[in-house]
Each structure stands twice: as C-alpha cells, then as structure tokens.
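Notes for the structure review
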Amino acid sequence: VSGAELDRRSRDAGRRALVATVEKFTRIPVDHYAEINLAGFVEMTDAVGGVPVCLKRPEREVRSGVDLPAGLQVVGGSDALAFVRQRRGLEDGDLDRIARQQAFLAGMASRMLSTGTLSDPGAVGRLVDAVTRNVVLDSGWNLDRLITQFGRMSGGDIRFVTIPTGTPALDTPVDGIAVQVDTDDVRTFVRDTIAATDTAYSRIRSQPM
C-alpha cells in the first residue's frame, strides 16, 4: 500500500487510535467523532459571514500571519485562519491556542444561531458544502439531521471545556516534554461535566412548552 491509499488508511487508523485512547483514558465511551482541518475554519467562517472575536491586546505574529488590532471585531478568510493557528506569543502556547479555537467555534455557533443563518437556504448550502469538504464525521452522523438538531439549540447550549492539567512542560524519558495530567482528576472532571450536562438537559426537557 502506498500513495493516497496509504495516507487514507493511516489517517483512519489514527482516528481509531485517538478514540480508543480517549475512551481508555476517561473510561467514557465516545459516541461520535468530528475532525476539522484548519482550512475548514476559513470556509465555514466565510459561509456564516465571519466570526466575532475580542482581543485584549493587538496580536501580530509572523509565523501564523496573525495581525489584528485589540478589541471587538469580525474576522474571516485568512485572518480567521491566522487567528486559530497562532501558538507563538501566547502565554501557555498550545493550551492557549486550544482555548482560542474553542472560543472561535463558540462564536461561530452563536453567529449561526443568532443571525438566521440556518433559515437561509443559500447560507445553509454554503455551510454544508464547506463541512462536506473539510470536516470528517463518523458514519453514524447524518449531516442534514445534525444541522436540523443544531438549529434547535441556542448559543448558550454549547459549551467547551478542557480537562485539568499540570505543567505543560513535563519531562518524559522518551518523548521529550508533555502536558502533565492526573488520571483520577481527569476521570472525575469528565464524569462531573457529563452529569451536569445531563441534569441541565433533563431540566429543559421537563419544562412545559
């Protein structure tokens, strides 16, 4: 096996290994898997007319290409890509980049739900096209059904969390440095997060319409 087929099989094996690792680490089954590449950020951002971000200070970093002023602004295209790519110049490096990407996705979701994007057939078509070409979903997820379910939500229904971590520069004997984690703390955090989410969802469903 070589070429494109080798690349496809390698990526599929990597995804299965990632899911298995997360399940073993958290002791929680993974129901669905979604993967977006950085280029997909650009197309999805443009499909919804840009995403609002708010910077405490100006950001300018050569490697990522980010060059944005401080304050509230709407980013799209190459600015959006540079914004989610930046890791250098951030206090906690990759961990800060993860938080930025989470905030960006939350902003994108809020914009889709608050601007009527999902009720505009043209906008939905552009979004579906961008997702189809840039997002990997497991076979159990139906894209049209997913968008319909998403349209019933509000921005406040979407929440991103990050597992508790220790030092981001833990020396390891084989792989250099790693992010330090405590397995018991992580499993407790994941269980508590899911329990709180299930409780909130049950409360919403029990309210009279």
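Residues numbered from 1 in each chain as written. Predicted model: local features only at pLDDT ≥ 70, side-chain atom pairs only at ≥ 80, totals over all residues. Heavy atoms only, no water.

**Examining the packing of aromatic side chains**
- Taken as a whole, this structure holds one aromatic pair when the rule is applied.
- Ring geometry for Phe83 versus Phe104: centroids 6.0 Å apart, planes at 40°, classification tilted. Of this pair, Phe83 sits in helix α3 (residues 77–85) while Phe104 sits in helix α4 (residues 94–114); the two residues are 21 residues apart in sequence, bridging distant segments of the chain. Side by side, Phe83 and Phe104 carry an identical accessibility label, which is buried.
- The lysine or arginine in question, Arg100, covers the ring of Phe83, its NZ or CZ lying 4.4 Å from the ring centre. (Phe/Tyr/Trp six-rings, centres within 6.5 Å; stacked < 30°, edge-to-face > 60°. Helix = DSSP H or I, 4+ residues; strand = E, 2+ residues; numbered from the N terminus. Buried < 20%, exposed > 50% of the residue type's maximum accessible area, 1.4 Å probe, protein only. Lys NZ or Arg CZ within 6 Å of the ring centre and 35° of its normal.)

**Description of unusual backbone geometry**
- Of note, the phi angle at Arg27 is positive, near 60°, even though the residue is not glycine.
- Here Arg27 is to be found in the loop between α1 (3–26) and β1 (34–36).
- Residue classification places Arg27 among the exposed positions, given a relative accessible area of 62%.

**Here's the deal with a nonpolar patch on the surface**
- A contiguous nonpolar surface patch, about 190 Å² in accessible area, is contributed by Ile163, Val179 and Val181.
- For Ile163, a relative accessible area of 30% puts it in the partly exposed group. (Patch = residues over 30% accessible without salt bridge, like charges linked within 9 Å, V, L, I, M, F, W, Y side chains within 5 Å. Areas by Shrake-Rupley, 256 points an atom, 1.4 Å probe, with all protein chains shown as cover. Salt bridge = Lys/Arg side-chain N within 4 Å of Asp/Glu carboxyl O.)

Everything listed is a geometric property; what it means functionally is a separate question.
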